[in-house]
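Read off the chains here:
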Amino acid sequence: MNAAPALGALAEPNRFRIVELLRDGPRPVGEIAARLRIRQPQTSKHLRVLGAAGLVEMRAVAQQRIYGLRASTFRDLDSWFRTFGGIWRDRMDGLDDYLRELQRPKRRK
Amino acid sequence: MTDKTRIRKDRARRELIVERTVRAPRELVWDLWTQPAHLTRWWGPQGCTTTVYAMELRPGGVWHYCIRPGGGGTEEWWCKAVYHEVERPSRLVYTDAFSDKDGAVQPGTEMPTRVELNELSGGLTNVVIITRFPNEQALDDAEAKGMVAGFVETLDRLERLLPGADHA
């Protein structure tokens, strides 16, 4: 995965706050703006950037535009992120498993 | 049961600190880090095979290895480390880097790494691995430095956001 667009979009603090808010579930633009005290045109702009980076997706319900997190992108980001600290995490599990194998008491017949 | 791996970042020092306590005497853990026959059994990643081509366990000595995916994959990840401190059984300091099969290091990928093995009571050993993020010293350009700093910060925030990530 190329994580750069998503990380770039998240680097802006208000966009990060929007993503944090949407973790609890999809919300209409007006509600996002009101909760985060960001003007609505600004909020829409941020949501467009987040949308272009694949982090959020929009659903039109009646007159409202509802924005929610796009799960597949976060799953990709998660697996990408795991390769960072995750290499060592896996390696330590490997070390622990191998130590157990080496030190396993010999079974009596 | 031994505990889980803890991973945290020291942002000021730009270090990734990995910590794990294992149930084993310190000498055995040391052997696992410093003997190819042992190392290749756990270095991983899972499903990959590690082959050690050199392991000159002394300051200035070279540790050259290659990681290959199992299952017919053809990629090869060559790494070359140079040992700086070898103090059995407690301290191993080296600089790891990506290289080619002849040991020519890819510039900018050097990662200074410190392994500390602390003996605890009850037959436990505390393993601490401290790795410095690559590139930082190599960057003279202020803008590039800012980009890397922003990137690391974003990673930190992302870490809090992702459900599977570590909440240290």
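Residues numbered from 1 in each chain as written. Chains lettered and ligands numbered in written order. Predicted model: local features only at pLDDT ≥ 70, side-chain atom pairs only at ≥ 80, totals over all residues. Heavy atoms only, no water.

(A) Region of interest: the sheet that holds strand 3 (residues 48–55) of chain B. Residues and elements named next belong to chain B. The antiparallel open sheet is built from eight strands, whose spatial order is 1-2-8-7-6-5-4-3. Where the open sheet ends on each side, the last strands, each with one partner, are strand 1 (6–10) and strand 3. Ignoring which end each strand starts from, the neighbouring axes of this sheet average 25° apart. Strand direction decides the pairing type here: strand 3 and strand 4 (residues 62–69), joined by seven bridges, are antiparallel. Bridge pairing in strand 4 links alanine 54 to histidine 64. Along the sheet, helix 1 (residues 26–34) contacts strand 2 (15–23), strand 3, strand 5 (77–87), strand 6 (91–98), strand 7 (111–120) and strand 8 (124–132); its crossing angle with strand 7, the most-contacted strand, is approximately 155°. (Pairing = 2+ DSSP bridges. Helix = DSSP H or I, 4+ residues; strand = E, 2+ residues; numbered from the N terminus. Axes fitted to C-alpha atoms, helices over the stretch in contact; angles between N-to-C directions. Contact = heavy atoms within 4.5 Å.)

(B) Examining the environment of valine 86 of chain B more closely. All names here are of chain B. Among the structural elements, valine 86 can be located in strand 5. On the basis of relative accessible area, valine 86 is assigned to the partly exposed category, the value being 22%. Sequence separation of valine 86 and valine 115 is 29 residues, and the distance between their C-alpha atoms is 9.9 Å. Sequence-distant contacts of valine 86, defined by excluding residues within four places in its chain, comprise Trp30, Leu57, Arg58, Pro59, Arg91 and Leu92. (Buried < 20%, exposed > 50% of the residue type's maximum accessible area, 1.4 Å probe, protein only.)

(C) Structural context of the packing of aromatic side chains. Using the criterion set out here, one finds twelve aromatic pairs over all chains in the structure. Note on tryptophan 88 of chain A and tryptophan 43 of chain B: the rings are 5.8 Å apart at their centroids and 85° apart in plane angle, and the pair reads as edge-to-face. With tryptophan 88 of chain A in helix 5 (residues 71–103) and tryptophan 43 of chain B in the loop between helix 2 (36–39) and strand 3, this residue pair bridges two chains. Neither residue differs from the other here; tryptophan 88 of chain A and tryptophan 43 of chain B are each classed as buried. Considering the side-chain rings of tryptophan 33 of chain B and tryptophan 43 of chain B, the 5.5 Å spacing of their centres and the 80° angle between planes classify their relative orientation as edge-to-face. Here the residue tryptophan 33 of chain B occupies a position in helix 1, and tryptophan 43 of chain B occupies one in the loop between helix 2 and strand 3, the gap between them amounting to ten residues. Tryptophan 33 of chain B gets classed as buried once you look at its relative accessible area, which sits at 1%. The rings of Trp88 of chain A together with Trp33, Trp42, Trp43, Trp63, Tyr65, Tyr83 and Tyr94 of chain B are connected pair by pair, giving a single aromatic cluster. It is arginine 91 of chain A that lies over the ring of tryptophan 88 of chain A; its NZ or CZ is 4.7 Å from the centre. In this arrangement the basic side chain of arginine 91 of chain A is found over the ring face of tryptophan 43 of chain B, its NZ or CZ atom lying 3.6 Å from the centre. (Phe/Tyr/Trp six-rings, centres within 6.5 Å; stacked < 30°, edge-to-face > 60°. Lys NZ or Arg CZ within 6 Å of the ring centre and 35° of its normal.)

(D) Summary view of unusual backbone geometry. Following arginine 88 of chain B, the chain continues to proline 89 of chain B via a peptide bond in cis, the omega torsion being -5°. Inspection of the secondary structure puts proline 89 of chain B in the loop between strand 5 and strand 6. The phi dihedral of arginine 37 of chain A falls on the positive side, at around 55°, and the residue is not glycine. Tracing the sequence through the fold places arginine 37 of chain A in the loop between helix 3 (29–36) and helix 4 (40–52). The exposure class of arginine 37 of chain A is exposed, given its relative accessible area of 79%.

(E) Up close: helix 3 of chain A. Residue and element names in this part refer to chain A. Looking at helix 3, one finds that the buried residues are Val29, Ile32, Ala33 and Leu36. Looking straight down helix 3, one finds its buried side chains confined to an arc of 95°; they lie on one side. Across helix 3 from its buried face, at more than 90 degrees, point the exposed residues Ala34 and Arg35. Elements that come into contact with the buried residues of helix 3 comprise helix 2 (13–22), strand 1 (27–28), helix 4 and strand 3 (64–69). (Arc of directions from axis to C-beta.)

(F) Molecular detail of the pattern of salt bridges. Applying the stated criterion across every chain yields a total of 16 salt bridges over all chains. The residue arginine 35 of chain A makes a salt bridge to glutamate 31 of chain A at a minimum N-O spacing of 3.3 Å. Of the two residues, arginine 35 of chain A and glutamate 31 of chain A are both situated in helix 3; the distance of four residues between them amounts to about one turn of the helix. With a relative accessible area of 30%, glutamate 31 of chain A lands in the partly exposed category. Salt bridges sharing partners connect three or more residues here, namely Asp93, Asp96 and Arg100 of chain A together with Arg20 of chain B. (Salt bridge = Lys/Arg side-chain N within 4 Å of Asp/Glu carboxyl O.)

(G) Quick peek at the packing of helix 3 of chain A against helix 4 of chain A. Residues and elements named next belong to chain A. One can describe the packing of helix 3 onto helix 4 by two numbers: an axis separation of 9 Å at closest approach and a directional angle of 110°. In this view, helix 3 runs roughly perpendicular relative to helix 4, as classed from their interaxial angle. Like other packed secondary-structure pairs, helix 3 and helix 4 cross with a definite hand, here right-handed. The segment helix 3 lies against helix 4, with Val29, Gly30, Ile32 and Ala33 engaging Gln40, Thr43, Ser44 and Leu47. Residues belonging to the contact of helix 3 with helix 4 are distributed by class as follows: four nonpolar, four polar and no charged. (Parallel < 35°, antiparallel > 145°, perpendicular 65-115°, else oblique. Left-handed = near helix turned anticlockwise from the far one by under 90°. Nonpolar A, V, L, I, M, F, W, Y, C, P; charged D, E, K, R; others polar.)

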